[in-house]
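Chain residues, written in single-letter form:
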Amino acid sequence: MVIGMVFEQGVIGNCMMLGTIGKNGELRYLFWPTIDYPQHMHGSLPGIYHDHVFSWLTDPPWERKQRYLDDTNILETVFRNGDLEIRAIDFVFPAKDILARSFSFKSERDRFLRFFHYTDTHLIENPIGDAAYFDKKNDAIITYKRNYYLAYGGSEKTSGYQCGVHGEGSDAFSDVSDGVLQNNSLSLYLGIRGVNSCLSWDVNLESHKEKELDVYLCFGIDKKEAIEFLDFARNNSLFEKTSEKHEKWISTANLEFLNNSRVSALVKRSLFLLKAIHCSTEGGFIAAPCLEPDYRYCWPRDAAYMAYAFDLYGFHHETRSFYLWCKRAQEDDGSWYQRYYIEARYPGPTWGMQCDQGGIILWGTSRHYEFTQDEDFLLEMRESIKRAARHLIDGILEDSLVKSLDLWEERYASNTYTNAAVCAGLRESAKMLDILGDYELSKECKEASENIRNAILNRSWSEEKKRFLKSYMPYDDTIDISLLGLDFPFEILRTDDEKMKSTAEQIEKVFNYKIGGIGRYPTDVYYGGNPWILTTLWLAIYYARLGERDKASNLINFVIDKTPELGLMPEQLDKNTGDFVSAFPLGWSHAMFVIALKELENK
């Protein structure tokens, strides 16, 4: 489903290469050599010429259906048109930067068809200076710019090729219309139109017998490496090795408590999504693999929730690598910028630092140590913990609270959620520093944490409203889902504290969307103000912790009912139609889903 420029898409990757396949079977994004930057694909899609007519499989009259293969991150798209069925299997090979598109063809009668695979690159995210040529020796098209080389070809010999320029007579997108490519072997263009290319293969089908053809897109730092990957793909069984790797990984997850097949499948899909948007070589998680809106950065806050979700399900290696990423990303003064490229030393476009991110990183570091008891990890994080704690302490004002942008990155104030994050971060720092023997700073962290907690209770609580305020100084009594941070994750108050219960009850009552669900706050205008997946699940987590299983289950089931067969979740749902809004799929949504189920199981 589409709202504006928001597309449903499947995600495949191997921690260096990340691709997304649109709902219609088109290759939408291809990130390499990191999963966030640069994005090289302007568009890539399959087409077919049969019965004297050409059509793109992404368009009518073709009907399409998608799913992930069980226990893998391998995506299947089935295209049907009359008696002709084409199945595409898309995945990224784990050990080399190869995106494989495996097509199988089946018809109820003997027939000849010609299959096309069109590719339009914007290498390094722009079309200027791209070049493409057909390499006859390797039966592949090479598209290149600087040290970015893309070689793509098939498992069978091609029947035609075309390298072209948009809007000119050589345009490969237009050249397919008569079912015959011109075999133009070279395209160069110095302007902004960009080059494109296409390959074709002849397929002779016998009635009810399948025929297969694989298409490989291989990136390398030079032609030699890209061609080596293409040769490797042609001479190895990539599908079997990939599916075996995926099945082995998911088998280690702690899923014994799940007894519902639909829920179990969604948990596995969530974990695979988090794995795909986690860069194991760097350690960070991107928020979402999309550019419209542009969420392909690592927000330490979002990522800390994802890392905690991984810890809950036994994936401690990935979580450890994230906190080591945080250590590398940290500024000299102990702070963190708002968001980063996956390469930690590069901040993304930012509008400041937010104290809640430092607080939740310290909270998550402590949680990871509690899960693993890994003293080497704590020692490695020691200086980072000390710098972060000192930075937070130095930011405390005379009223024992901190001022910062809120977690929604909208208002500069003494926000309750932010202060809860700082309070918990310093409390957890004190515990870790005690273990490390840094007793003086530990004592300072503990005192500061207790002072912030007392200030929250004294200044952020409204006796008149019988709930907490969104912010103190300036005063803002807006009901905001982030007030639940006082319970989860920061545990400033007990879940069953009457003040928490009253706040949660008012949060639940204030949202009355046509489709249901929970938003951020009632006056929200971002994308029109809608229910979010993660906010709905935040309330579910609270009720699960409170022991209100029915309320928690109803909220979780709302999310499950709104999740399509593919199993991926957006940031928001349109409040009137339920259509996807904003980023898709969002890692934080999936993290809160698997956390909510664990909290429900714990009670």
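Residues numbered from 1 in each chain as written. Predicted model: local features only at pLDDT ≥ 70, side-chain atom pairs only at ≥ 80, totals over all residues. Heavy atoms only, no water.

Novice: Pulling in residues and values, what's your account of helix α12 (residues 533–546)?
Specialist: The end-to-end C-alpha distance of α12 is 20 Å, a good match for the 20 Å that 14 residues give at a rise of 1.5 Å each. Summarising burial for α12: 13 of the 14 residues are buried, a large majority. (Helix = DSSP H or I, 4+ residues; strand = E, 2+ residues; numbered from the N terminus. Expected span 1.5 Å × (residues − 1). Buried < 20%, exposed > 50% of the residue type's maximum accessible area, 1.4 Å probe, protein only.)

Novice: Report on helix α8 (residues 375–394), specifying residues and quantitative values.
Specialist: An ideal rise of 1.5 Å per residue puts 28 Å on 20 residues; α8 measures up with 27 Å between its terminal C-alpha atoms. Helix geometry: α8 is bent most strongly at Met381, by close to 50°. Taken together, the buried positions of α8 are occupied by Phe377, Leu378, Met381, Ser384, Ile385, Ala388, Ala389, Leu392 and Ile393. Along its buried surface, α8 packs onto α6 (316–329), α7 (355–372), α9 (416–436) and α10 (439–459). For α8, the side-chain oxygen to backbone nitrogen distance between the N-cap and Asp376 is 3.1 Å, and the N-cap itself is Asp374. (Bend = angle between axes of the 7 residues up to and from the residue. Contact = heavy atoms within 4.5 Å. Polar contact = N/O pair within 3.5 Å; in protein donor to acceptor, adjacent residues only side chain to side chain.)

Novice: Explain the sheet that holds strand β11 (residues 98–107) residue by residue, including any values.
Specialist: Strand order in this open sheet of nine strands is β8-β9-β10-β11-β19-β15-β14-β13-β17, and the pairing throughout is antiparallel. Single-partner strands in this sheet number two, and they are β8 (63–68) and β17 (186–188). Geometrically, the sheet is characterised by an average inter-axis angle of 15° between neighbouring strands, direction not taken into account. Two elements, strand β9 (residues 75–81) and strand β10 (residues 84–92), share seven bridges in a ladder whose sense is antiparallel. Note on β10: the bridge partner recorded for Thr77 is Ala88. The strands touched by helix α3 (residues 238–250) within the sheet are β10, β11 and β19 (211–220), with β10 carrying the most contacts at an inclination of about 60°. (Pairing = 2+ DSSP bridges. Axes fitted to C-alpha atoms, helices over the stretch in contact; angles between N-to-C directions.)

Novice: Go over the nonpolar core with me, naming the residues and quoting the values.
Specialist: Ranked by internal contacts, the top residues of the largest apolar core, which has 182 residues, are Phe115, Val267, Leu271, Tyr313, Phe322, Trp538 and Phe593. No other element matches the eleven residues that α9 contributes to this core. In this structure Tyr313 touches Thr252, Ala253, Asn254, Leu255, Phe257, Val267, Leu271, Val594, Leu597 and Lys598, once residues within four positions along its chain are discounted. Within the second largest apolar cluster, 19 residues are counted, among which are Phe91, Ile98, Tyr149 and Ala233. (Core = buried A, V, L, I, M, F, W, Y, C linked by side-chain atoms within 4.5 Å.)

Novice: Quick rundown of the pattern of salt bridges? Include the residues and the values.
Specialist: On inspection of all chains with the given rule, the structure shows 47 salt bridges. Residue Asp130 is joined to Lys145 by a salt bridge in which the shortest nitrogen-to-oxygen separation is 2.9 Å. Remark: Lys145 occurs in strand β14 (residues 140–145) and Asp130 occurs in the loop between β12 (111–121) and β13 (131–135); sequence separation between them is 15 residues. For Asp130, a relative accessible area of 2% translates into the label buried. One salt bridge in this structure joins Arg545 and Glu599, with 3.4 Å as the shortest N-O distance. (Salt bridge = Lys/Arg side-chain N within 4 Å of Asp/Glu carboxyl O.)

Novice: Report on the packing of α6 against α7, specifying residues and quantitative values.
Specialist: The contact between α6 and α7 brings their axes to 11 Å, and the two run at 145°. Considering the relative orientation of α6 and α7, their crossing is left-handed. Along the contact surface, α6 presents His316, Thr319, Arg320, Tyr323 and Cys326, while α7 presents Ile361, Gly364, Thr365, His368, Phe371 and Thr372. (Left-handed = near helix turned anticlockwise from the far one by under 90°.)

Novice: So, the packing of aromatic side chains: which residues are in play, and what are the values?
Specialist: If you walk through the whole model with that rule in mind, you get 48 aromatic pairs. Seen from their ring centres, Phe54 and Phe116 are 5.6 Å apart, and the 85° between their planes marks the pair as edge-to-face. Of this pair, Phe54 sits in strand β7 (residues 53–56) while Phe116 sits in strand β12, and the two are 62 residues apart along the sequence. Side by side, Phe54 and Phe116 carry an identical accessibility label, which is buried. The interplanar angle of 10° and the centroid separation of 5.3 Å between the aromatic rings of Tyr144 and Tyr149 together place this pair among those described as stacked. Taking the ring centre of Tyr297 as reference, the NZ or CZ of Arg296 above it sits at 5.8 Å. (Phe/Tyr/Trp six-rings, centres within 6.5 Å; stacked < 30°, edge-to-face > 60°. Lys NZ or Arg CZ within 6 Å of the ring centre and 35° of its normal.)

Novice: Give a description of the sheet that holds strand β21 (residues 412–415) that names residues and reports values.
Specialist: One open sheet holds the three strands; their spatial order is β20-β21-β24, and the pairing between them is antiparallel. Because the sheet does not close on itself, it has two edges, and the strands there are β20 (404–405) and β24 (471–472). Bridge count for β21 against β24 is two bridges, and the pairing is antiparallel. Residue pairing across strands places Asn415 opposite Ser471, the latter belonging to β24.

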